[in-house]
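Summary of structural features
Read off the chains here:
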Amino acid sequence: MARKLSLRQYVKRRNGVPLGASGSLTNMLKNALGANNFSQFWLYWNPIWGYYLATKIQKPLTQLLPHSIALILTFSISELLHDLAVSSIKKEVFFFAHRGFL
């Protein structure tokens, strides 16, 4: 059975430096934007968000559903949370998928 990584360990593995360390954001951007493919991009992009999506949403869903369905639902939940954040700032209902972004 795989050992569960803490948030600190996860960020260090993704960025090469500890959470909050100097260079953490630079490493994230360099690794993500320099990725060779979309899959590699998601390994590095926003590791804190990725950690919580993986541990709190995707992992529990994969215990109930096939991996592909859990992945689609995880991305959908992530989109909804981003839309809620934008909606609260703009003070109007805002959905990226309905504005031609997806």
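Parameters and conventions
Residues numbered from 1 in each chain as written. Predicted model: local features only at pLDDT ≥ 70, side-chain atom pairs only at ≥ 80, totals over all residues. Heavy atoms only, no water. Helix = DSSP H or I, 4+ residues; strand = E, 2+ residues; numbered from the N terminus. Contact = heavy atoms within 4.5 Å. Areas by Shrake-Rupley, 256 points an atom, 1.4 Å probe, with all protein chains shown as cover. Buried < 20%, exposed > 50% of the residue type's maximum accessible area, 1.4 Å probe, protein only. Phe/Tyr/Trp six-rings, centres within 6.5 Å; stacked < 30°, edge-to-face > 60°. Polar contact = N/O pair within 3.5 Å; in protein donor to acceptor, adjacent residues only side chain to side chain. Core = buried A, V, L, I, M, F, W, Y, C linked by side-chain atoms within 4.5 Å. pLDDT = per-residue confidence, 0-100.

1. Quick word on the overall build of the chain
Scanning the chain from terminus to terminus reveals 5 helices and 0 strands. Starting at the N terminus and walking to the C terminus, you meet the elements of the chain as α-α-α-α-α. In the chain, once contacts between residues fewer than 6 apart in sequence are set aside, the share between residues at least 24 apart is 27%. A total of about 7500 Å² of accessible surface is found on the chain, and carbon and sulfur atoms cover 64% of it.

2. Here's the deal with the environment of L61
Mapped onto the elements, L61 comes out in helix α4 (residues 47-62). Considering only alpha carbons, one finds L61 and T74, 13 residues apart in sequence, at a separation of 8.2 Å. If we skip the residues at most four places from it in the chain, L61 touches A70, L73 and T74.

3. What about unusual backbone geometry?
In this structure, N46 is a non-glycine residue whose phi angle is positive, near 40°. Within the fold, N46 resides in the loop between α3 (38-44) and α4. Classification of N46 as partly exposed rests on a relative accessible area of 31%.

4. Description of the packing of aromatic side chains
Inspection of every chain in the model, using the stated rule, returns 7 aromatic pairs. Taking 6.1 Å as the distance between ring centres and 5° as the angle between the ring planes, the aromatic pair formed by F38 and F41 counts as stacked. Linking F38 with F41, this pair stays in helix α3, spanning 3 residues, or about one helical turn. Here F41 and W42 contribute two aromatic rings whose centre-to-centre distance is 5.1 Å and whose plane-to-plane angle is 80°, an arrangement assigned as edge-to-face. Within the aromatic cluster, the residues linked to one another by ring pairs are F38, F41, W42, W45 and F75.

5. Some words on the environment of N15
Relative to the helices and strands, N15 resides in helix α1 (residues 7-15). Along the chain, N15 and W45 lie 30 residues apart, while their C-alpha atoms are 9.4 Å from each other. Leave out the neighbours within four places in its chain, and N15 touches S24, N27, M28, N31 and P47. There is a polar contact of 2.9 Å between the side chain of N15 and the side chain of S24.

6. Details of the nonpolar core
In terms of nonpolar packing, the biggest core is built from 5 residues, these being L5, L7, Y10, V11 and Y51. Broken down by element, the residue count for this core peaks at 3 residues, all from α1. Apart from the residues lying within four places of it in its own chain, the contact partners of V11 are G16, V17, P18, L19, S24, P47 and I48.

7. Re the environment of I48
Among the secondary structure elements, I48 is positioned in helix α4. Along the chain, I48 and V11 lie 37 residues apart, while their C-alpha atoms are 6.8 Å from each other. Dropping the residues within four chain positions of it, I48 is found in contact with L7, V11 and L19.

8. Things to note about the confidence of the model for the chain
In this model, the chain carries an average pLDDT of 86, and 89% of its residues clear a pLDDT of 70 or more. Per-element confidence in the chain is highest for α4, whose mean pLDDT is 94, and lowest for α3, whose mean pLDDT is 88.

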